[in-house]
Amino acid sequence: MPDRSGSTGGLPFPAGFYWGCATSPAQIEGATASEYAGFRARDGATPDDGPDHWTRWEDDLQALGDLGLNAYRIGLDWGRLQPAPGAALAAEPLAQYREMLARLRARRVEPFVTLFHFACPAWMAEAGGWLHRDAPAWFADFARRTADACDGVRYWITHNEPVVYALMAYIIGEFLPCRRHRPDLALRALRHLRRGHAQAYAAIRARRAEARVGFTKHFKGFQPFRRWHPVDVTTSWLARLLFDRWGTAGFLHHRGRQVCDFVGVNYYGRMRMKGLSGVSPLTGWSPETLARMGAVCDDMWEQDPRWLADCLAELAERTELPLYITENGVATLNEDLRTHYLREHLRGCADAIGRGVALHGFFYWSLLDNFEWSEGLSKRFGLLGVDFGHPDKPRTLRPAAHLLADAARRNALPPAGD
Ligand code: BGC
């Protein structure tokens with residue numbers, strides 16, 4: 001049971017708990033050297049129309065530090081850093097990333113560094129991306145060079161949501177390379193992602209004894225839409241088995257060796273299965289229809305904060321590794337909904353900790369409004385809102401940011417109304 005001292009008022013969290021937020025490079029930086037350069041989303045936007053963090057990073061990190069958060073999940077743009085397979089890291093971007101990391105440390109913000117978040121370098125995409133048989137070795141080389149170059153980083157995340165990536169890139173076809181209905185390719189990519197994770201784990205640990213290396217996994221809270229319907233019951237059971245269980249196990253061990261020091265849990269809400277498809281605003285159900293059925297939704301998914309504690313407890317039964325919520329957030333412009341969502345999910349975390357789960361941190365998704373892959377700029381997750389229509393892309397602090405800041409300051413979920 002974690003030590004729960006160090007908090008002042010409200011629902012206490014364990015001492016040393018990390019309070020942070022998360023981003024990914026292709027979604028915020030602009031001028032990416034990844035395969036997403038020039039990618040046009042449904043709404044016509046490209047990553048360059050996003051928040052332009054690569055040139056505005058100082059103000060953004062200043063805002064993060066001013067909130068008093070003690071952790072930040074930062075991603076590195078592999079394509080920007082490594083212009084060719086096996087090449088030395090490019091000096092200029094490396095200097096900027098190192099400066100960013102130094103700035104975080106100066107504000108006592110612990111960086112959690114993500115190495116692959118859905119976006120292959122352009123050269124790798126041309127060569128076949130994660131389908132290429134050398135992809136794991138390319139990735140391990142990138143991890144090794146990055147670990148050599150970045151002093152003082154303790155927490156490393158190899159892949160973000162590898163199962164989601166394989167599904168979206170090769171079955172659903174919404175992420176590059178946008179192939180559809182190719183489970184064979186999804187499985188091949190996943191095999192290489194697993195190998196790449198294991199090799200990167202070994203490379204980083206060999207260089208930095210103090211490093212902790214993990215990956216993040218998306219959990220979905222699959223449930224049958226019609227509790228009595230055998231098809232819905234079977235598809236949701238299968239989805240849990242394949243997506244949650246099998247999709248996690250392969251990244252914890254490889255060829256009998258442990259290749260993971262912690263698991264990052266990304267959780268947004270539940271997915272109720274109706275036949276073969278999920279019920280959510282993203283699969284064509286209108287939020288109004290769902291609201292009439294009693295469901296609370298944001299612009300993408302149905303919310304279910306109560307399931308978060310169950311999800312964490314279930315995972316903790318299968319692994320004793322430390323857990324972190326590495327993403328949890330809401331796509332909305334309804335700020336009451338955002339604040340309520342954050343509060344209820346922090347309550348879920350406290351509940352899980354009370355049940356003995358070794359949860360050590362919470363990262364809200366996202367620090368700022370960003371480029372939401374095929375959805376473009378319309379889905380607003382940020383603690384900092386961004387005015388994309390203005391040439392200076394000004395940022396505005398949203399109310400939920402104050403709740404997270406207050407929680408970080410107290411190391412506790414503040415009582416409602418405080
Ligand atoms: C991904 C993020 C994405 C978020 C919201 C997560 O699955 O890691 O890149 O922006 O979901 O859709």
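Residues numbered from 1 in each chain as written. Predicted model: local features only at pLDDT ≥ 70, side-chain atom pairs only at ≥ 80, totals over all residues. Heavy atoms only, no water.

A. Looking closely at unusual backbone geometry. For the bond from Leu 176 to Pro 177, the omega torsion is 10°, close enough to zero to count as cis. Checked against the element boundaries, Pro 177 lands in the loop between α7 (162–170) and α8 (183–207). Here the amide bond leading from Trp 365 into Ser 366 is cis, since omega sits at 15°, within 30 degrees of zero. Checked against the element boundaries, Ser 366 lands in the loop between β14 (359–365) and β15 (384–386). Even without glycine at this site, Ala 31 takes up a positive phi of about 45°. (Helix = DSSP H or I, 4+ residues; strand = E, 2+ residues; numbered from the N terminus.)

B. Just the pairing of β14, in detail. Within β14, 6 of the 7 residues are buried, which leaves it mostly tucked inside the rest of the structure. When strand β2 (residues 18–22) meets β14, the two strands line up parallel, connected through 5 bridges. Bridge pairing in β14 places Cys 21 opposite Tyr 364. Relative to β14, strand β13 (residues 323–327) runs parallel, the two being bridged by 2 bridges. If you follow Leu 323 over to β14, its bridge partner there is Leu 359. Of the crossover connections in this fold, the one passing from β13 over helix α12 (residues 335–354) to the parallel β14 is right-handed. (Buried < 20%, exposed > 50% of the residue type's maximum accessible area, 1.4 Å probe, protein only. Pairing = 2+ DSSP bridges. Right-handed = clockwise from strand over helix to strand, strands pointing away.)

C. Spotlight on the packing of aromatic side chains. Evaluated as defined, the whole model comprises 35 aromatic pairs. Aromatic side chains Phe 112 and Phe 363 sit 4.8 Å apart centroid to centroid with 65° between the ring planes, which places their arrangement in the edge-to-face category. Within this pair, whereas Phe 112 is found in strand β4 (residues 110–116), its partner Phe 363 is found in strand β14, the two being separated by 251 residues in sequence. Judged on exposure class, the residue Phe 112 and its partner Phe 363 are both buried. Positioned above the aromatic ring of Trp 54 is the side chain of Arg 80, whose terminal nitrogen or guanidinium carbon lies 3.9 Å from the ring centre. If you follow Lys 217 out to its NZ or CZ, it ends over the ring of Phe 243, 3.6 Å from the centre. (Phe/Tyr/Trp six-rings, centres within 6.5 Å; stacked < 30°, edge-to-face > 60°. Lys NZ or Arg CZ within 6 Å of the ring centre and 35° of its normal.)

D. The arrangement of the nonpolar core in detail. Counting 136 residues, the largest nonpolar core has Tyr 72, Trp 130 and Trp 156 as its most contacted members. Counting residues per element, this core draws most heavily on α8, which supplies 9 residues. If near-sequence neighbours (up to four positions away) are discounted, Trp 156 is found in contact with Val 113, Leu 115, Thr 146, Ala 147, Cys 150, Ile 204, Ala 211, Arg 212, Val 213, Gly 214 and Phe 262. Phe 225, Val 279, Ala 295 and Cys 297 belong to the second-largest nonpolar core, a separate cluster that totals 5 residues. (Core = buried A, V, L, I, M, F, W, Y, C linked by side-chain atoms within 4.5 Å. Contact = heavy atoms within 4.5 Å.)

E. Expanded view of the pattern of salt bridges. Summed over all chains, the structure comprises 30 salt bridges. Of the charged contacts, one joins Glu 335 and Arg 338 as a salt bridge, the two residues approaching to 2.7 Å between their closest N and O atoms. Highlighted residues: Glu 335 and Arg 338, both in helix α12, separated by 3 residues, approximately one helical turn. There is no split in this pair, since Glu 335 and Arg 338 are both buried. Between Glu 344 and Arg 347 there is a salt bridge whose closest N-O contact spans 3.4 Å. One end of the pair, Glu 344, and the other, Arg 347, are both in helix α12, 3 residues apart, so they sit about a helical turn from each other. In the salt-bridge network here, residues are joined through shared partners; they are Glu 335, Arg 338, Asp 369, Arg 380 and Arg 398. (Salt bridge = Lys/Arg side-chain N within 4 Å of Asp/Glu carboxyl O.)

F. Spatial organisation of the sheet that holds β2. On the basis of which strands lie adjacent, the closed barrel formed by 8 strands has the order β2-β3-β4-β5-β6-β10-β13-β14 and parallel pairing. Taking each pair of neighbouring strands and ignoring which way they run, the sheet shows an average axis angle of 30°. Direction of pairing for strand β5 (residues 155–160) relative to strand β6 (residues 212–219): parallel, over a ladder of 4 bridges. Considered in β6, the bridge of Ile 157 is made with Gly 214. Across the face of the sheet, α7 comes into contact with β4, β5 and β6 while running at roughly 50° to β6. (Axes fitted to C-alpha atoms, helices over the stretch in contact; angles between N-to-C directions.)

G. How the structure looks around the pairing of strand β10 (residues 262–267). The element β10 is extensively covered by neighbouring structure, given that 6 of its 6 residues are classed as buried. Burial along β10 is two-sided: the face carrying Phe 262, Gly 264 and Asn 266 and the face carrying Val 263, Val 265 and Tyr 267 are both buried. Taken together, the 6 bridges between β6 and β10 define a ladder with parallel strand orientation. Along β10, the bridge assignment pairs His 218 with Asn 266. Looking at chain direction, β10 and β13 are connected through 4 bridges and run parallel. Within the sheet, the bridge partner assigned to Val 263 lies in β13 and is Leu 323.

Purely geometric numbers; function is a separate question.
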